[in-house]
Amino acid sequence: MIYEVKEIELDYSKIDVNKPQNAPYKPYLKVFVPNLEGDIKKYNVGTRPTVLILPGGGYHFTSEREAEPIAMRFLSCGFNVCILHYTVFETPFPVAMLEALTALKHIRENLTAWQGDPSKVYVCGFSAGGHLAASVGVFWDKEISKAYFGDVEAVRPNGLILSYPVITSDPALTHEYSIKMLMAGREDASLREMLSLEKQVTESTPPTFIWTTFEDVSVPCENSMLFATALKKHGIPFEFHLFEKGPHGGATGDKVSCISNHRFGAWLDLACDWASDTRSQGK
């Protein structure tokens, strides 16, 4: 195999928000990068885009079918791939986001060793993981990040790839379970407002690829539409695909992660093309 796989426990000691004692597992980063030993040295593989995958699971667990099956597809398109299994289950905001930013910092620190392109570091999230990815996109350079990382360029994403994401905290449109898990039992109107990410987009939010389906009844397509509208308002380039058919949690859209094949499975090739195009690079 031309890739080496590593499981890395990152240093989250700076994240001083209290975590629940019954959190299912410690966060860890699974990394798939070229094995530059042996025969592969003969080939000039060049620099590669890198994608950080954040699986969904309602902030209650991290879905396996939105992890390695997705990673294999990005690997086949020439990406370095990292999967973050972040802390879940009533873990208050911003713990998971700071974990994701810590993973981004680790990625940027290792790009030279991984032959990664520093202008093409992407965050790809699904459902609640899409909310987490979008949180990274809107908060990476704000005070909540500066307080932990200082130099926020070290955690800067060049683009977002959002798959049927939870975006708004509006009770009429959100996936309420995800928001409640993220609020960890608190009733806080200002926090709920902060977690409505279409309201947090600024000119520093990175270019974004978004896809969802009309038939998604768990996370209505309006979530994606709200984020796209906010991006347009702030002049942020984006690509948006709304497929008619398909359930929530479709992942790869084929029999690897779904019961049957779906047209929305085309999103992966579309996203890889978008991320490989220089027009999708961050400012």
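In what follows, the accompanying structure is described. What you see is a predicted model, and the numbers here were worked out from it, not measured in a lab.

### Some points on helix α2 (residues 95-109)
Counted at 1.5 Å a residue, the expected span for α2 with its 15 residues is 21 Å, and the 21 Å between its end C-alpha atoms agrees. For α2, the buried fraction is high: 13 of the 15 residues fall into the buried class.

### Let's talk about empty space enclosed by the protein
Tallying each qualifying case throughout the model produces 2 cavities of 30 Å³ or more. Contributing to the lining of the largest cavity are Y59, F93, P94, V95, A96, M97, H131, L132, S135 and L182. Of all the secondary-structure elements, those providing two or more residues to the lining of the largest cavity are α2 and α4 (128-139). Here the lining of the largest cavity is built from residues that sort into 8 nonpolar, 2 polar and no charged. Volume-wise, the second largest cavity comes out at about 30 Å³. Forming the walls of the second largest cavity are Y59, T87, V88, F89, E90, T91, A96, M181 and L182. Classifying every residue of the lining of the second largest cavity by side-chain character gives 6 nonpolar, 2 polar and 1 charged.

### Observations regarding the pattern of salt bridges
According to the stated counting rule, one finds 11 salt bridges in the structure shown. The closest approach of N and O atoms between K30 and E7, which form a salt bridge, is 3.9 Å. Taken together, the residues span a long stretch of sequence, with K30 in strand β2 (residues 28-34) and E7 in strand β1 (residues 3-8) at a distance of 23 residues. Judged by relative accessible area, K30 falls into the buried class, the value being 15%. Residue E244 is joined to K245 by a salt bridge in which the shortest nitrogen-to-oxygen separation is 4.0 Å. Each of E7, K30 and E68 takes part in one network of salt bridges that share partners.

What counts as what
- The residue numbering used here restarts from 1 in each chain and proceeds along that chain's sequence as written.
- Per-residue local features of the predicted model are confined to residues with pLDDT of at least 70, and side-chain atom pairs are confined, for both listing and counting, to 80 or more; whole-chain, interface and lining totals are unaffected and use all residues.
- As a rule here, side-chain values cover all heavy atoms of the structure and leave hydrogens and water aside.
- Only DSSP runs of H or I reaching four residues or more are called helices, and only runs of E reaching two or more are called strands; each is numbered from the N terminus.
- To estimate the expected span of a helix, subtract one from its residue number and multiply by 1.5 Å.
- Partly exposed residues are those whose accessible area sits between 20% and 50% of the maximum for their type, while under 20% is buried and over 50% is exposed, using a 1.4 Å probe and protein chains only.
- Put simply, the grid is 1 Å and covers the protein atoms alone, a cavity is a trapped set of points that fit a 1.4 Å probe, a pocket is an open set with protein on both sides within 12 Å along at least five of seven lines, and lining residues have an atom within 4 Å of a point.
- Grid points are joined across faces, edges and corners, and a volume is the space filled by probe spheres set on the points.
- Polarity classes work like this: nonpolar for Ala, Val, Leu, Ile, Met, Phe, Trp, Tyr, Cys and Pro, charged for Asp, Glu, Lys and Arg, and polar for all others, with Gly in that last group.
- Here, a salt bridge means any side-chain nitrogen of Lys or Arg that lies within 4 Å of a carboxyl oxygen of Asp or Glu.

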